[in-house]
Amino acid sequence: MKKIWTSLIAVLFILVLAACGSSNEEETSSGSEGEDGTKEIKVGATSVPHAEVLEKAKPMLEEKGITLEIEEYQDYILPNQDLDEGRIDANYFQTIPYMETQEEEKGYDFANLGGIHIEPIGVYSQKYENLEDVEEGTTLVMSRSVSTHGRVLSLLEKEGLIKLDESVEKVEATVQDIVENPKNIEFDTGVDAANLPQVYQREENVLVAINTNYAIEADLSPSEDSIILEESDSPYVNVVAANSEDKDNEALNTLVEVLRSEEIVDFIKEEYDGAVVPVSSDAE
């Protein structure tokens, strides 16, 4: 009888441990709760402007009982990988087309919790001050990320440098969809987005399409230094993303509300002077 009771106690102990482990896993996937009852969320973001905007939002979230930890990244791959693996609760760095491409390629299951701002992409050159001066056969360098190709090509088409196949959706366009190229622009699509500013600084005779966050980090002013700049009505809005199971998480949705608040909108406008444009709450 004593052995039976010992076995029963051991089984119960194991079940309790398993239940605790399950509870902890659920807590990690959607934020945790601090000892003082505050909610704790960990959000991944690229340094500029995303992490800076989140820093501004920190005290506002604290007033609502939410402690924000910011995990900074210098690339576009790890923030989604870490989100998928539960190392962070959400991320704030990517556009909707990029997120959808990553989901298709990697099998991620993310939820778009809401659009926050637009970073107009720009084309830069040390040699050329305007499009009319661009010589035949000039190379344009852009990110290896296919999700940005349609964005850059649409910008070039709007400026009359190329023409795309009308049967192709602009957001999905690639170099192969160019049907007219009067200046015989060459395209280099083999560079990581984070390295594009270095290409601009190193290569004098090329055009370089640089994402605004990396341009700002390299002390480039999109409004002053670019020879082509995407307009603020761009569909490439930057969103807060979470795993789909956390789409209704209260703390994460409160984060989005704060990032869309008048105080944060004014901060973005004043801090980035048009290089980062806040969007309306219906930009999903």
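My aim in this report is to walk through the structure given alongside it, one point at a time. (Residues numbered from 1 in each chain as written. Predicted model: local features only at pLDDT ≥ 70, side-chain atom pairs only at ≥ 80, totals over all residues. Heavy atoms only, no water.)

Moving on to the environment of tyrosine 92. Note on placement: tyrosine 92 falls in strand S4 (residues 90-95). Considered as a pair, tyrosine 92 and alanine 241 are 149 residues apart in the sequence and their alpha carbons are 6.4 Å apart. Residue contacts for tyrosine 92: discarding those within four places in its chain leaves Val43, Gly44, Ala45, Thr46, His50, Val53, Leu54, Ile116, His117, Val239, Val240 and Leu259. A polar contact of 2.7 Å, which involves the side chain of tyrosine 92, links it to the side chain of histidine 117. (Helix = DSSP H or I, 4+ residues; strand = E, 2+ residues; numbered from the N terminus. Contact = heavy atoms within 4.5 Å. Polar contact = N/O pair within 3.5 Å; in protein donor to acceptor, adjacent residues only side chain to side chain.)

Right, let's get into unusual backbone geometry. Cis rather than trans, the peptide bond between valine 48 and proline 49 has omega equal to -5°. Tracing the chain through its elements places proline 49 in helix H2 (residues 47-62). At asparagine 184, a position not held by glycine, the phi torsion is positive, near 50°. Within the fold, asparagine 184 resides in the loop between strand S9 (178-180) and strand S10 (186-191). Backbone geometry at aspartate 273 places phi at a positive 50°, although glycine is not the residue there. With respect to the helices and strands, aspartate 273 occurs in the loop between helix H10 (262-272) and strand S14 (277-278).

Given a rise of 1.5 Å per residue, 16 residues ought to cover 22 Å, and the 21 Å separating the end C-alpha atoms of H2 matches this to within 8%. Most pronounced at lysine 56, the bend in H2 amounts to some 35°, and the proline proline 59 follows within four residues. Those residues of H2 lying buried are Ser47, Val48, Pro49, His50, Ala51, Val53, Leu54, Ala57, Met60 and Leu61. (Expected span 1.5 Å × (residues − 1). Bend = angle between axes of the 7 residues up to and from the residue. Buried < 20%, exposed > 50% of the residue type's maximum accessible area, 1.4 Å probe, protein only.)

The final tally for this structure, using the stated rule, is 12 salt bridges. The salt bridge partner of aspartate 82 is arginine 87, with a shortest N-O separation of 3.1 Å. The exposure class of aspartate 82 is buried, given its relative accessible area of 13%. (Salt bridge = Lys/Arg side-chain N within 4 Å of Asp/Glu carboxyl O.)

Turning next to the pairing of strand S7 (residues 139-143). The side chains of a regular strand alternate between the sheet's two faces. In terms of residue burial, S7 counts as a mostly covered element, since 4 of its 5 residues are buried. Pairing of S7 with S10, which is carried by 4 bridges, proceeds in the parallel orientation. Paired with serine 143 across the two strands is valine 191, which belongs to S10. Sheet topology note: the S7/strand S11 (residues 207-210) ladder contains 2 bridges and is parallel. Note on S11: the bridge partner recorded for valine 141 is valine 208. (Pairing = 2+ DSSP bridges.)

Without other data, these values stay purely geometric and don't point to any function.
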